[in-house]
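Chain residues, written in single-letter form:
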Amino acid sequence: MAEDVLDKVLGDGHPKCNTLDTVLHGGEGYTERLSVVLIQKYGVLEDVAEHLVKTYGGRAWEVLEKARPTGNQWPRHGIPLAPHYPYIEAEVRFACSEYACTIEDILSRRTRLAFLNSQAAKEALPRIADIMAEELGWSRKVKKAQIDSAKAYLASYGGKIPLEEDDLLVRLPTYAEVMDVFDEVDQEKSGYLGIVQVKEIAKRLGRPLPDGEIRAIFDSMDTNRDGKIDAREFLEWFEAEETKEGIKSYFHQKTMEIFKEIDIKRTGYLDREEIKEATIRLGETFSDEKVDKIFAEMDINRDGKIQLNEFTKWMSESHDETGFRKLLSANLGLGGTGWLKQKSGGFLG
């Protein structure tokens, strides 16, 4: 759009805008296979490698040069800041070299963890403080002040979601949706899942895991130790608190990804035009009346803008008169049949 404006303003007598030929910061050294190369060289998890490439481009090399060994056979590098998220300690060290000087900056802008899960951000805060103190040479007094400031910040934010509302904003899967997951993965209709199917579930929930971790999950599901997972065992696993926490983290992460895909103007909020554009990119022709209805449902505070917390709350509702929520879920990874990412599903457009 900016390119079109420049070409129009400058007219035919001037060279065309060269935006497409300008290499952005991080573009040097980027290739489509970069995440694979990083996994092979540094021994990081797949989701970590993909996150680093998407965030830093070719500079992902610089981030991982600051990564310290995990002490495990796998992953060899990439100590996580919080469970269920791809952010690693090396990113804090790299951010410090890029002029990050507050814990809030790390939690909100360098990793976005505060916007995704305030509890995970709270748990990561002490370690972030330790790393920043080491990298920036903080005194004990400065470190304490930084921790207190970050705690005060997180006390009122759950990624722009008030803490007391956080649990209300995540609708856990119903019994029917859990069984939809089981039936969809059980393609042979045997009534059981093997380790291959469990690995498929992890992948389609957006959390590809190495074989060792998959085996541990499978063994925890297989309560009767018969080497296969029946529907009852699967339901019990889904009901476990650890699984629920994982689903909540997954929901927050995917909802934010969807929000960012719809926010084509990159304003940090959604307007009616972007909602309309999203329906078109998803291959649907919604009437203006239906788009107005969708927008009104989302715009809780009636300010004409859809903030992330409003969008998250709307995504978690069970009623769906317009069908737009189901359309987004099916195409963007929150579950065509409930909570599974579609095998061939992609993002908008």
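In this text, all values refer to a predicted model and were calculated from it rather than measured experimentally.

Enquirer: Quick rundown of the overall build of the protein chain? Include the residues and the values.
Expert: Regarding its fold elements, the protein chain presents 18 helices and 2 strands. Of the contacts formed within the protein chain by residues at least 6 apart in sequence, a portion of 56% connects residues at least 24 apart. Total accessible area computed for the protein chain in this model is approximately 18600 Å², and 52% of it derives from carbon and sulfur atoms.

Enquirer: Provide a residue-level description of helix 3 (residues 46–56), including the pertinent values.
Expert: Residues spaced three or four apart along an α-helix face the same direction, because each turn holds 3.6 residues. Taken together, the buried positions of helix 3 are occupied by Asp47, Val48, Ala49, His51, Leu52, Val53 and Tyr56. Where helix 3 is buried, its residues touch helix 2 (34–42), helix 4 (60–65), helix 5 (89–97) and helix 6 (103–110). Positive phi shows up at glycine 57, right after helix 3, with a value of about 60°.

Enquirer: Describe the packing of aromatic side chains, naming the residues involved and giving the relevant values.
Expert: Overall, the coordinates contain 9 aromatic pairs when judged by the stated rule. Geometrically, the ring pair formed by tryptophan 314 and phenylalanine 324 is tilted, given 5.8 Å between the ring centres and 40° between the ring planes. Of this pair, tryptophan 314 sits in helix 17 (residues 308–316) while phenylalanine 324 sits in helix 18 (residues 324–332), placing them 10 residues apart in sequence. For the pair shown, tryptophan 314 and phenylalanine 324 are each scored as buried.

Enquirer: Describe the side chain of histidine 77, naming the residues involved and giving the relevant values.
Expert: Residue placement: histidine 77 occurs in the loop between helix 4 and helix 5. Reaching out from histidine 77, the side chain makes a polar contact with the backbone oxygen of tyrosine 42 at a distance of 2.8 Å. Look past the residues within four positions of histidine 77 in its chain and what remains in contact with it is Tyr42, Gly43, Val44, Ala67, Arg68, Pro69 and Thr70.

Enquirer: Quick one: what's the story with helix 2, residue by residue and with numbers?
Expert: Taken residue by residue, helix 2 has Leu34, Ser35, Leu38 and Tyr42 as its buried positions. Buried residues of helix 2 fall within an arc of 100° about the axis and therefore sit on the same side. Buried residues along helix 2 sit in contact with helix 3 and helix 4. Just downstream of helix 2, glycine 43 is the residue with a positive phi angle, here 70°.

Enquirer: Requested: an account of the state of the cysteines, with residues and values cited.
Expert: Counted by the stated rule, this structure contains 0 disulfides. Not part of a disulfide, cysteine 96 finds its nearest cysteine sulfur in cysteine 101, a span of 8.9 Å.

Enquirer: Mind laying out the packing of helix 6 against helix 9 (residues 140–155), listing which residues take part and the relevant values?
Expert: In contact at an axis separation of 8 Å, helix 6 and helix 9 are set at 40° when each is read in the N-to-C sense. For the element pair helix 6 / helix 9, the angle class is oblique. The segment helix 6 lies against helix 9, with Ile103, Glu104, Leu107 and Ser108 engaging Gln146, Ile147, Ala150, Tyr153 and Leu154. Of the residues in the contact of helix 6 with helix 9, the class split is 6 nonpolar, 2 polar and 1 charged.

Enquirer: Report on the confidence of the model for the protein chain, specifying residues and quantitative values.
Expert: Detailed conclusions should not be drawn from predicted coordinates in areas where pLDDT is low. The predicted model of the protein chain has a mean per-residue pLDDT of 80, with 81% of residues at 70 or higher. Within the protein chain, helix 18 has the poorest average pLDDT of any element, 71, and helix 5 the best, 96. Note that residues 158–169 has pLDDT below 50 and, in this model, 28 contacts with residues that lie over four places away or in other chains. The low-confidence segment residues 332–349, where pLDDT is below 50, has 64 contacts with residues more than four positions distant or belonging to other chains.

Enquirer: Can you lay out unusual backbone geometry for me, pointing to particular residues and giving the numbers?
Expert: Keep in mind that most residues, glycine aside, have a negative phi and that most peptide bonds are trans. In this structure, the amide linkage connecting tryptophan 74 to the following residue, proline 75, adopts the cis form with an omega of -10°. Mapped onto the elements of the fold, proline 75 is located in the loop between helix 4 and helix 5.

Enquirer: Outline the pattern of salt bridges, supporting the account with residue identities and numerical values.
Expert: Opposite charge on two side chains makes pairing possible when the charged atoms of those side chains draw close. Scanning the entire structure with this criterion turns up 19 salt bridges. Where aspartate 105 meets arginine 109, a salt bridge forms, and the shortest distance between an N and an O atom there is 3.1 Å. With aspartate 105 and arginine 109 both in helix 6 and 4 residues apart, the pair spans about one turn of that helix. For aspartate 105, a relative accessible area of 10% puts it in the buried group. Among the residues examined, arginine 109 registers a relative accessible area of 48% and is labelled partly exposed. Residues arginine 215 and aspartate 219 are paired through a salt bridge, measuring 3.4 Å at the closest nitrogen-oxygen approach.

Enquirer: Can you tell me about the packing of helix 6 against helix 8 (residues 118–136), naming the residues and giving the values?
Expert: Packing of helix 6 against helix 8 brings their axes to within 9 Å, and their N-to-C directions diverge by 125°. The orientation of helix 6 relative to helix 8 falls into the category oblique. Where helix 6 crosses over helix 8, the two elements pack in a sense that is right-handed. Touching Ile103, Ile106 and Leu107 of helix 6 are Ala121, Leu125, Ile128, Ala129 and Met132, all from helix 8. Its residues assigned to classes, the contact of helix 6 with helix 8 shows 8 nonpolar, no polar and no charged.

Enquirer: Can you lay out the nonpolar core for me, pointing to particular residues and giving the numbers?
Expert: Ile103, Leu113, Ile128, Ile275, Phe311, Phe324 and Leu328 are the most contacted members of the largest nonpolar core, which has 51 residues in total. A per-element tally of this core places helix 8 first, with 9 residues. Excluding residues that lie within four positions of it along the chain, phenylalanine 311 makes contacts with Thr255, Ile258, Phe259, Ile262, Leu270, Met298, Ile306 and Leu328. In this structure, Leu34, Val48, Ala67 and Ile88 belong to the second largest nonpolar core, which totals 17 residues.

Calculation rules
Residues numbered from 1 in each chain as written. Predicted model: local features only at pLDDT ≥ 70, side-chain atom pairs only at ≥ 80, totals over all residues. Heavy atoms only, no water. Helix = DSSP H or I, 4+ residues; strand = E, 2+ residues; numbered from the N terminus. Contact = heavy atoms within 4.5 Å. Areas by Shrake-Rupley, 256 points an atom, 1.4 Å probe, with all protein chains shown as cover. Buried < 20%, exposed > 50% of the residue type's maximum accessible area, 1.4 Å probe, protein only. Phe/Tyr/Trp six-rings, centres within 6.5 Å; stacked < 30°, edge-to-face > 60°. Polar contact = N/O pair within 3.5 Å; in protein donor to acceptor, adjacent residues only side chain to side chain. Arc of directions from axis to C-beta. Disulfide = S-S within 2.5 Å. Axes fitted to C-alpha atoms, helices over the stretch in contact; angles between N-to-C directions. Parallel < 35°, antiparallel > 145°, perpendicular 65-115°, else oblique. Nonpolar A, V, L, I, M, F, W, Y, C, P; charged D, E, K, R; others polar. pLDDT = per-residue confidence, 0-100. Salt bridge = Lys/Arg side-chain N within 4 Å of Asp/Glu carboxyl O. Left-handed = near helix turned anticlockwise from the far one by under 90°. Core = buried A, V, L, I, M, F, W, Y, C linked by side-chain atoms within 4.5 Å.

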